[in-house]
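# A closer look at the structure
The primary structure of each chain is shown beneath.
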Amino acid sequence: MRPPVQSPEGLLLAGVWALLLDMALVFLAVVWIADGFAPPQDLPWKPLRLADPPGLATQAKFERAKLNPSACRAVLAQGGVRFGEAAPRTDGACAQLNAVRLEGGVTPLAPAGPVMTCPQALAYAFWDRHTLRPAAREVLGAAPVEVGHYGTYACRKVAGRDGLSEHAFANALDVASVRLADGRRVSVLKDFNADGEAGAFWRRARTGACRWFHVTLSPDYNAAHRDHLHLDSGRYRVCR
Ligand SMILES: [Zn+2]
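Anyway, here's the lowdown on the structure attached to this text.

Calculation criteria
- Residues numbered from 1 in each chain as written.
- Predicted model: local features only at pLDDT ≥ 70, side-chain atom pairs only at ≥ 80, totals over all residues.
- Helix = DSSP H or I, 4+ residues; strand = E, 2+ residues; numbered from the N terminus.
- Expected span 1.5 Å × (residues − 1).
- Buried ≥ 20, exposed ≤ 12 C-beta atoms within 10 Å, placed from the backbone.
- Arc of directions from axis to C-beta.
- Contact = placed C-beta atoms within 7 Å.
- Pairing = 2+ DSSP bridges.
- Axes fitted to C-alpha atoms, helices over the stretch in contact; angles between N-to-C directions.

### Considering helix H1 (residues 8-37)
The terminal C-alpha atoms of H1, which comprises 30 residues, lie 43 Å apart, in line with the 44 Å expected from a rise of 1.5 Å per residue. Where burial is concerned, little of H1 is hidden: zero out of the 30 residues are buried.

### Brief notes about helix H3 (residues 69-78)
The complete set of buried residues in H3 reads Cys72, Val75 and Leu76. The buried residues of H3 occupy an angular sector of 100° when the element is viewed end-on, so they sit on one face. Structurally, H3 contributes buried residues whose contacts are with helix H2 (58-66), strand E1 (82-85) and helix H4 (118-140). A positive phi of about 85° marks Gly80, the residue just after H3.

### A look at the pairing of strand E7 (residues 144-149)
Bridge count for strand E5 (residues 109-110) against E7 is two bridges, and the pairing is parallel. Its bridge partner being in E7, Ala110 is matched across the sheet by Gly148. The pairing of E7 with strand E8 (residues 172-180) spans five bridges and is classified as antiparallel. Note that in E8 the partner of Val147 across the bridge is Val178.

### Overview of the sheet that holds strand E6 (residues 115-117)
The strand order across the open sheet built from three strands is E1-E4-E6, with neighbouring strands paired in antiparallel fashion. With one partner strand each, in any of the chains shown, E1 and E6 form the two edges of the open sheet. Sheet twist, expressed as the mean angle between neighbouring strand axes with direction ignored, is 45°. The pairing of E1 with strand E4 (residues 99-104) spans four bridges and is antiparallel. Bridge assignment links Phe83 to a residue of E4, and that residue is Leu102. Sheet contacts for H4: E1, E4 and E6; angle to E6, the most-contacted strand, approximately 100°.

Scope: geometric values only; no functional claims are made or implied.
See below:
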């Protein structure tokens, strides 16, 4: 009896199936190896953690967490950030929704206990942990112990424009100064454009902020920001 003869089309199809199966097996092996050996910050399917150093997947996971109120709070809580819920409130076109009151686990803000949206609180926690603290230690040789600010919520328009500011939604923070563990105090007004380490510190704090906040405005942007960094989590993207 003669063996059945395969048509050229049949052979080609069998070859394609074998190749696809091989590729699927290689993919699964890579995922399995990565899951066991790559750091969690490089893997999109591992949870975002404040304590992990920024990695390949951090940015994507961070932006995703900001869009989900419960995920945002879970990342803060898991990272040791203490916060309370801020009651929702509206004031004409202004509103304070999805907001928390920061109570601890981050470099304290002064005035204390500011209320801000959860995405903004998450951005502050990541900026504090991965930008501000390393910059202060490495450039100024001391840990930051307090961040002086000009506020988060203010029902107002963008200076000189018609649209509402992100401050109108408690979605912004104006950082003016940092007090260090050795008693020194550095400020945006006095030091941002200065030569030497205090200026280098502020410029690094600003540039690093662009990774965590959507809008970062410094004295480089305009004179209205000569004495603070405006940091917000609104829908625009500006880094200056
Ligand atoms: Zn501002």
